[in-house]
Amino acid sequence: MNLKKINLLSLVFGLVFLSSTLKLYSQEKPKLTLGGALRFNYNLSSWKEGQKKRGGDFGYDMFRINANASYKKINLNAEYRLYSDAFGGGMLKQGWVGYQFNEKDEIQIGLTQVPFGIQRYNSHNWFFNLTYYVGLEDDHDMGVKFIHKGKRWEYHLAFFKNAEELNFGNNSPISPSRYSYDIAGVQKEINQFNGKIRYHFGDSIQQKAGASLQYGGIYNTETQEIGNHHALAIHYELLYKNWLLKAQATTAKHNPKSNPSNNSISMAAYGGSYEVANDFNIYSLAIAKDIPIELGPISNIRLYNDFAFMDKHEKSFTNSYMNVFGLMLTAGQVYTYIDYAAGYNHSWLGGNYVNDFAQGNPDAKWEARYNINIGYYF
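Computed from a predicted model, the values in this text were never measured in an experiment. (Residues numbered from 1 in each chain as written. Predicted model: local features only at pLDDT ≥ 70, side-chain atom pairs only at ≥ 80, totals over all residues. Heavy atoms only, no water.)

### Quick look at the overall build of the protein chain
Defined as follows: Per the convention used, a helix needs a DSSP run of H or I reaching at least four residues, while a strand needs a run of E reaching at least two, with both numbered from the N terminus. Only protein chains enter the calculation, and the probe is 1.4 Å; a residue is then buried if its accessible area is under 20% of its type maximum, exposed if over 50%, and partly exposed in between. Any pair of residues with heavy atoms lying within 4.5 Å of one another is described as a contacting pair. Using a 1.4 Å probe, accessible areas were evaluated by the Shrake-Rupley method; residue-level cover was limited to the displayed protein chains. Positive charge is attributed to Lys and Arg, negative charge to Asp and Glu, and no charge count is given to His or to the chain ends. The atom standing in for a charge is NZ when the residue is Lys, CZ when it is Arg, CG when it is Asp and CD when it is Glu.
Across its full length, the protein chain holds three helices and 19 strands. Viewed in the frame of its principal axes, the protein chain has a C-alpha envelope of about 100 × 55 × 45 Å. For the protein chain, buried positions account for 47% of its 378 residues. Considering only residue pairs separated by 6 or more positions, the protein chain has 60% of its internal contacts joining residues 24 or more positions apart. Total accessible area computed for the protein chain in this model is approximately 19100 Å², and 61% of it derives from carbon and sulfur atoms. Mean positive and mean negative side-chain charge positions of the protein chain (37 and 33 charges, respectively) differ by 10 Å.

Okay, here's the thing in structure tokens:
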């Protein structure tokens, strides 16, 4: 073998070795992606006389930062939000560390989304659905969650030690500065188990059918007694061409140890708290249609109508309703929700904020809020 052949072979082996080394280095190097959003909001409410006279209000909604990181099979996901002081100020929506066993199986530890009902949201609009306002839509708690996603079958198993804990006192109440609704006042959510299963089927018509179960304790900070709560939901999703449908039936029951005769329990988020009926059923139906369009920067219009009905078990309580009709405009990284949200005995839509989701008012009337939310997501 002559010198030229030896040098050529040496060069080939050297390049192969260098390529392998660089590939290995790139695989081991941590990756970090940062993102976020800035949103503004305009609203005009039927029950605010002063606001109607001045033609509504337009102001700051929220700024958020998202971080996604990975190293080998270890993942990190975090989202921190900044609202105005009146709506709770700064809060961590989610923040967890995960391990990806393979393409199908993953475990997450930290402040992670509770696997219950249709996810990511049981709605299409900016207001979400009634399930959100009672802690059963886009809820996040502190615990550990295992996720398996196969081609057809998907299941989630989770244990949550408690909701977001910010005070760490011996018997401190929870802070209302939180994104998702949790049991509050003299009560705390503890030792909660969740299980969820979904089956994916259909080809031209994509469908998902599933069920969710939740059971946990309610700790009384005054008496140190432990009650319990549980919820069950069956849910169905459909995607056909540009049509989307979400349907869910939910039942929930709370059994706190203190003052069980009042038939309601306190829940808190966004800097405030209100009462929610101990026992209820919620039936929701959300339908949407995407319309691709070329109109300046606008590439898609999503029309939707999301409806929900809260049937309270206590006969002396008045039921609650919510319906949101609207559209979402997609223009590059800018998403604009234009909603007409109507509520009957709804704490965020007129009436009595504290008691609408509990006792309610039999003489209440439907109230509405016209809302435009503009967000740049990066």
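From this point, the discussion proceeds with the structure in view.
### Brief notes about empty space enclosed by the protein
Threshold: A cavity here means a set of points on a 1 Å grid, drawn over the protein atoms and nothing else, where a 1.4 Å probe fits but cannot get out; a pocket is an open set with protein on both sides within 12 Å along at least five of seven lines, and a residue lines either one if it has an atom within 4 Å of a point. Grid points are joined across faces, edges and corners, and a volume is the space filled by probe spheres set on the points. Amino acids are sorted into nonpolar (Ala, Val, Leu, Ile, Met, Phe, Trp, Tyr, Cys and Pro), charged (Asp, Glu, Lys and Arg) and polar (every other residue, Gly among them).
Evaluation of the coordinates by the stated rule reveals three cavities of 30 Å³ or more. Here the largest cavity is characterised by a volume of approximately 120 Å³. Around the largest cavity sit 18 residues that line it, and Val134, Gly135, Leu136, Gln214 and His254 are the ones nearest its centre. Going through the elements one at a time, β9 (187-201), β11 (226-240) and β12 (243-255) are the ones with two or more residues in the lining of the largest cavity. For the lining of the largest cavity, the residue count by class is eight nonpolar, six polar and four charged.

### Points about the pairing of β12
Heads up, the rule is: Should DSSP find at least two bridges between two strands, the strands are taken to pair.
What you see with β12 is a clean split: Leu244, Lys246, Gln248, Thr250, Ala252 and His254 sit on the buried side and Trp243, Leu245, Ala247, Ala249, Thr251, Lys253 and Asn255 on the side with no burial. Where β11 and β12 come together, 13 bridges link them in antiparallel fashion. Across the sheet, the residue bridging to His235 is Gln248, located in β12. Counting the residues in the hairpin turn of β11 and β12 gives two residues, including Lys241, whose phi is positive at 55 degrees. Of the pairings in the sheet, the one linking β12 to strand β15 (residues 279-295) comprises 11 bridges and is antiparallel in character. Within the sheet, the bridge partner assigned to Trp243 lies in β15 and is Lys289.

### Describing the sheet that holds strand β14 (residues 272-277)
As summarised here, the arrangement of the three strands in space is β8-β13-β14, forming an open sheet in which the pairing is antiparallel. The sheet is open, and its two edges are formed by β8 (182-183) and β14, each paired on a single side.

### Observations regarding the layout of surface pockets
The computed volume of the largest pocket comes to approximately 1200 Å³. Along the wall of the largest pocket there are 44 residues; nearest its centre are Arg39, Asp61, Trp126, Phe127 and Phe128. When contributions to the lining of the largest pocket are tallied by element, the ones reaching two or more residues are β1 (31-45), β2 (57-71), α3 (130-133), β12, β18 (334-344) and β19 (367-377). Ranked by residues supplied to the lining of the largest pocket, first place goes to β2 with six residues.

### Points about the nonpolar core
Here is the rule: Grouping buried Ala, Val, Leu, Ile, Met, Phe, Trp, Tyr and Cys residues that are joined through side-chain atoms within 4.5 Å yields what is termed a nonpolar core.
Of all hydrophobic cores here, the largest spans 45 residues; its most connected members are Phe127, Tyr133, Tyr181, Val276, Phe280 and Met310. Residues within four places of Met310 in sequence aside, it is in contact with Leu130, Val134, Val276, Ala277, Phe280, Asn281, Ile282, Asn319, Ser320 and Phe357.

### A word on the pattern of salt bridges
This is how it is decided: Think of a salt bridge as a Lys or Arg side-chain nitrogen and an Asp or Glu carboxyl oxygen that are within 4 Å of each other.
Applying the stated rule across the entire model yields 13 salt bridges. Between Arg39 and Asp61 there is a salt bridge whose closest N-O contact spans 2.8 Å. Of this pair, Arg39 sits in strand β1 while Asp61 sits in strand β2, and the two are 22 residues apart along the sequence. Given a relative accessible area of 8%, Arg39 falls into the buried group. Judged by its relative accessible area of 11%, Asp61 falls in the buried class. One salt-bridge network, in which partners are shared between bridges, spans Arg64, Glu79 and Arg81.

The quantities given are spatial measurements derived from coordinates; they are silent on function.
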